[in-house]
Amino acid sequence: MVTFKVILPANDYMAVLPQIVLVSTALLVLMMGVFKKLVNASAPGFTALAGSLLALGCVLFVGHHGAPSSTFGGMVLVDGFSFFLSLVICIIIALTILVSLNYGNFFNCMRTGEYYSLLLMAGVGMIFMATAGNLILLFVALETMSISIYALTGFHKKQLKSSEAALKYFLLGAFGSAFLLYGFAFIYGATGSLDIIKIAGFIKTHPQMLNMKFLVAAFVLTIAGIGFKISMVPFHMWTPDTYEGAPTSVTGFMATGVKAAAFAALIRVILVPLAPMQHSWVTIMWIAAFLTMTVGNIIALVQDNIKRMLAYSSIAHAGYILLGFLAGTGLAQAGMLYYLMVYAFMNIGAFGVVALLCKKGEEYTSISDFAGLGFKYPLLGLVMSVFLFSLAGIPPTGGFMGKFYLFTQALRSGYVWLVVAAGVNSVISIYYYLRVVVVMYFSPQASENSIVLGSVSPGIVIALATAATAVLVMGIFPSYFFSLAGNSIFSLM
Amino acid sequence: MDTSGLNFILQAAFWVTVALTISGAAIAVFPRNILYNVLGLALALIGVSGFYLYLGSLFVALMQLLIYVGAICIAIVFAIMLSRPLHVDIPPRSAGKVWLGILAATVFFIGAAGVALKTNWQAAAGHVYKASQWSVQNIGNALLTRYELVFEVISLVLLVAIIGAVITAGFSRRISS
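Asks: Looking at this model, I keep getting lost on the overall build of chain B. Mind explaining?
Replies: Of regular secondary structure, chain B possesses six helices and zero strands. Along its sequence from the N terminus, chain B presents helices and strands in the succession α-α-α-α-α-α. Scored against the burial criterion, the 177 residues of chain B give a buried share of 18%. By sequence separation, contacts in chain B at least 24 residues apart represent 53% of the contacts at least 6 residues apart. Carbon and sulfur atoms make up 75% of the accessible area of chain B, which totals about 12,800 Å².

See the structure below:
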């Protein structure tokens, strides 16, 4: 007979404290929609902001002292990796809410409790994905995140593009989830366990498993499922349309949060436990990383819509991060974590600037809309330039250091030609990132530009200033952040 | 005790289930009225859940009924209700599609039959499970002890799905009002 444990140890609750805070806030914010007459129209946004900051505080308060452990019977892993990713994801949620507060001034539907509660629930899913020690929890968390984001993508009810984006993302995302689940079923079939730690242990003690096609099938299906989420070529087709159609605040969230959570899942499920079968995935991942970088960068060259351009650039960045996956060492994993953190700041920043350039009910997303912006709004031009320099990987920004760490580790592991390709790709990418800077500062049509910033709330100023500062600090003092990432890698000892 | 009578009834029930499933599948394919097709599909799926029952897995049989018949077929009926009216003339079946369909079905059948014939169905030593191990009661216990956290997160998934559906379907009215 199974004995029921009625009272869980406090450790269990401490491990999921940020998630509890976020869910409570989400429910509170959702209820605010019911009492419309009693609460201020902007109350849901500020409550969500307070909740996300509280969750961030919880992550820092709980910390990750001591040896890695697990709670809820192996369901949630408590280690540096969980801490780091929870931190990054909470920062992403807070920044996204700050951007949304201002974006809601242009689009009324973005101010509702539903919007913020979906945002927070997606965040809960992301954190669970990064901390899950069990494949079932990981899958359910992925669904929580995905379903929230499908709904958020279609939030512009009056724009057909937004509905199209949501439908495309939903259909392809459902396919991706099905692949992932099928892959997990194969992993379970091969190893007899759903616990990540036990899976790794089984593979270590049964090396003959590696010769069976079972694990290869598991790997291929799982990487296809996660590849959808990180927009790895050839599973990237939805990215540009979805990023373009989604509300800009949501696009920034998708590009950073989903990617961080999906890469966390990639490290948790494949990179570390299946490390003994590394030799069998080198070729396929080499090609995938090469294509992801190259396709993203080449197509980004010809984009005139800045959201599409940033979408292709996010594909390219996924390719750079895959270099760390290929290298596979602990330091390479630290490089991936560092890059995910920098990427969160610079990408949310860039999308935040795009989200600022709106008027009531309309967005300015063409690159030519940026003409002369650098002189008209010098500070805005400056922070946008910082983000674009960082995305291009130009020192002294964090983007440069991130690439430096990833490329060095890939070189050490012997992927010389792939690093050469990545270098060439970085040079190509400079063209389209700097094109925006050139348009902002040197464009002849600058005098014709009639864009006026409609609404600049303190929230977005804080968000952009924080992101720009973080990008610069991570570029100038990288060693602190890199050692933080280095202490946070997921390993099995 | 003489169990031959019982055996006979069991055998008869099995073949009735087979007949139900096959005739349901035939109704799902041949009539040109799509509503009949859906109902045939539901019949075939009920038959499949009968097989699970026959194999001693009550839980899977119930899930099959609940998910496939109760949810998916009803969802298809809803989809039919919201799409082209039934009384509009249906174009005749094209011969090419029929042949392609037959080809696809044959390939699938050969594949499935090949797997069924080639597999050694003897359970490996040490891996014999009793049917009681996946009884509904045990699954319920596992769900609320070992998998309690997952159970909670699933409720979150459902909540998110409900909010998403409400927004996708009915949000525009609220904005305009």
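Asks: Explain the overall build of chain A to me, please; I cannot follow it from the model alone.
Replies: Helix and strand counts for chain A come out as 20 helices and four strands. Here the C-alpha radius of gyration of chain A, 22 Å, is about what a compact globule of 493 residues would show, namely 23 Å. With the C-alpha coordinates of chain A rotated into their principal frame, the extents come out at 70 × 60 × 40 Å. Here chain A holds 493 residues, and the buried ones make up 63% of them.

Asks: Looking at this model, I keep getting lost on the side chain of S86 of chain A. Mind explaining?
Replies: Note on placement: S86 of chain A falls in helix α4 (residues 80-103). Excluding its chain neighbours within four sequence positions, the residues that come into contact with S86 of chain A are V59, I127 and T131 of chain A.

Asks: Looking at this model, I keep getting lost on the pattern of salt bridges. Mind explaining?
Replies: Charged atoms that come close allow side chains of opposite charge to pair. What the rule picks out here adds up to ten salt bridges over all chains. Note that R146 of chain B and D195 of chain A form a salt bridge whose closest N and O atoms lie 3.0 Å from each other. Of this pair, R146 of chain B sits in the loop between α5 (136-144) and α6 (148-176) while D195 of chain A sits in the loop between α7 (160-191) and α8 (196-205), which puts the two residues in different chains. Put simply, D304 of chain A and R435 of chain A hold a salt bridge, and the shortest N to O gap is 3.0 Å. Separated by 131 residues along the polypeptide, D304 of chain A in the loop between α12 (278-300) and α13 (306-327) and R435 of chain A in helix α18 (residues 416-442) bring together distant segments of the chain. Each of K161, E164, K168, D241, E244 and R308 of chain A takes part in one network of salt bridges that share partners.

Asks: It is not clear to me how the interface of chain B and chain A should be interpreted in this structure. Could you clarify?
Replies: Think of interface size as the accessible area that goes away when the parts come together; that is how it is often given. If you look at the interface, chain B gives 23 residues, while chain A gives 36 residues. A buried area of about 2,600 Å², summed over both sides, lies between chain B and chain A, and 77% of it is on carbon and sulfur atoms. Considering only the surface of chain B that becomes buried against chain A, R146, L149 and V160 of chain B emerge as the three largest contributors, covering 22% of it. At the boundary of chain B and chain A, one finds one salt bridge. On the surface where chain B and chain A come into contact, there are three residue pairs in polar contact (both at pLDDT 80 or more). Top contributing element to the side of chain B that touches chain A by residue count: α6 of chain B, with 19 residues. The class makeup of the residues in the side of chain B that touches chain A is 15 nonpolar, five polar and three charged.

Asks: Teacher, can you tell me more about unusual backbone geometry here?
Replies: Most peptide bonds take the trans configuration, and most residues that are not glycine carry a negative phi. All names here are of chain A. At the junction of V233 and P234, the peptide bond is cis and its omega measures out at 10° in the coordinates. Relative to the elements of secondary structure, P234 occurs in the loop between α9 (213-230) and α10 (238-245). A cis geometry characterises the amide bond from P395 onward to P396, with omega recorded as 5°. Mapped onto the fold, P396 is located in the loop between α16 (378-392) and α17 (398-412). Even without being glycine, F72 reaches a positive phi, approximately 55°. Located in the positive-phi region is S231, a residue other than glycine, with phi close to 50°. Residue placement: S231 occurs in the loop between α9 and α10.

Asks: Any chance you could explain α8 of chain A here in plain terms?
Replies: Residues spaced three or four apart along an α-helix face the same direction, because each turn holds 3.6 residues. All names here are of chain A. Those residues of α8 lying buried are I196, I199, A200 and I203. Summarising the axial view, the buried residues of α8 lie within an arc of 95°, below the 170-degree limit, and thus occupy one face. Projecting away from the buried face of α8 at angles above 90 degrees are the exposed residues K198 and T205. On its buried face, α8 is in contact with α6 (135-153), α7, α9 and α11 (248-271).

Asks: I'm lost on α9 of chain A in this one. Help?
Replies: Residues and elements named next belong to chain A. With 18 residues, α9 should cover 26 Å at 1.5 Å per step; its first-to-last C-alpha distance of 25 Å lies within 8% of that length. Counting buried positions along α9 gives 13 out of 18 residues, so the element sits mostly inside the fold. Two residues or fewer past α9, S231 is found with a positive phi of approximately 50°.

Asks: Would you mind showing me how to read the side chain of S429 of chain A here?
Replies: Topologically, S429 of chain A is positioned in helix α18. Ignoring anything within four residues of it in the chain, the contact list for S429 of chain A reads N297, Y320, A392 and K403 of chain A.

Asks: What exactly am I supposed to notice about the confidence of the model for chain B here?
Replies: It should be kept in mind that the predicted coordinates are not to be read in detail where pLDDT is low. On average, residues of chain B carry a pLDDT of 85, and 89% of them reach 70 or more. The complex prediction reports pTM at 0.90, with the ipTM value standing at 0.90.

Asks: Got a minute to help me understand the nonpolar core in this structure?
Replies: Where a protein is soluble and globular, its nonpolar side chains tend to be buried together. Counting 200 residues, the largest nonpolar core has F325, F370 and F387 of chain A as its most contacted members. Counting residues per element, this core draws most heavily on helix α14 (residues 330-356) of chain A, which supplies 19 residues. Once residues within four sequence positions are removed from consideration, F325 of chain A is found in contact with I223, L266, I270, L271, W281, M285 and M336 of chain A. Counting six residues, the second-largest nonpolar core is a separate cluster that includes V38, L45, V69 and C73 of chain B.

Asks: Explain the packing of aromatic side chains to me, please; I cannot follow it from the model alone.
Replies: The geometry of two aromatic rings is summed up by the distance between their centres and the angle between their planes. The final tally for this structure, using the stated rule, is 27 aromatic pairs over all chains. Ring centres 5.8 Å apart and planes at 20° place the aromatic pair W286 of chain A and F290 of chain A in the stacked group. Of this pair, W286 of chain A and F290 of chain A are both found in helix α12, four residues apart, which corresponds to roughly one turn of the helix. The exposure class of W286 of chain A is partly exposed, given its relative accessible area of 29%. The class for F290 of chain A is partly exposed, based on a relative accessible area of 30%. For the ring pair F14 of chain B and F51 of chain B, a centre distance of 5.9 Å and an interplane angle of 50° mean the geometry is tilted.

Thresholds applied
- Throughout, a residue's number is its position along its own chain's written sequence, starting from 1.
- Labels follow written order: the first chain is A, the first ligand is 1, and so on.
- Under the rules for a predicted model, residues below a pLDDT of 70 receive no local features and side-chain atom pairs below 80 are neither given nor counted, while totals for whole chains, interfaces and linings still include all residues.
- Remark: hydrogens and water are excluded; side-chain values derive from all non-hydrogen atoms of the structure.
- Helix numbers and strand numbers start at the N terminus; a helix is a DSSP run of H or I with at least 4 residues, a strand a run of E with at least 2.
- Relative accessibility thresholds used throughout: buried, under 20% of the residue-type maximum; exposed, over 50%; partly exposed, between the two (1.4 Å probe, protein chains only).
- In what follows, residue pairs with any heavy atoms lying within 4.5 Å of each other are defined as contacts.
- Values of accessible area rely on a 1.4 Å probe in the Shrake-Rupley scheme; residue burial ignores everything except the protein chains shown.
- Values of the radius of gyration come from C-alpha atoms, whereas the globule rule sets the reference at 2.2 Å times the count of residues to the power 0.38.
- Put simply, a salt bridge is a Lys or Arg side-chain nitrogen that is within 4 Å of an Asp or Glu carboxyl oxygen.
- Once two parts are brought into contact, the accessible area they lose, counted with a 1.4 Å probe and summed over both, makes up the buried area.
- We call two N or O atoms a polar contact when they sit within 3.5 Å, provided that within protein one can donate a hydrogen and the other can accept it, with sequence-adjacent residues counted only if both atoms are side-chain atoms.
- Residues are grouped as follows: nonpolar covers Ala, Val, Leu, Ile, Met, Phe, Trp, Tyr, Cys and Pro; charged covers Asp, Glu, Lys and Arg; every other residue, Gly included, is treated as polar.
- This arc corresponds to the set of directions leading from the helix axis out to the C-beta atoms.
- An expected span of 1.5 Å times one less than the residue number is assigned to each helix.
- Known as pLDDT, the predictor's per-residue confidence is scaled from 0 to 100.
- Joining through side-chain atoms within 4.5 Å is the link that ties buried Ala, Val, Leu, Ile, Met, Phe, Trp, Tyr and Cys residues into a set, and such a set is a nonpolar core.
- Stacked, edge-to-face and tilted are the three classes for Phe, Tyr and Trp ring pairs, Trp counted by its six-membered ring, which pair at centre distances within 6.5 Å; planes under 30 degrees apart are stacked, over 60 edge-to-face, the rest tilted.

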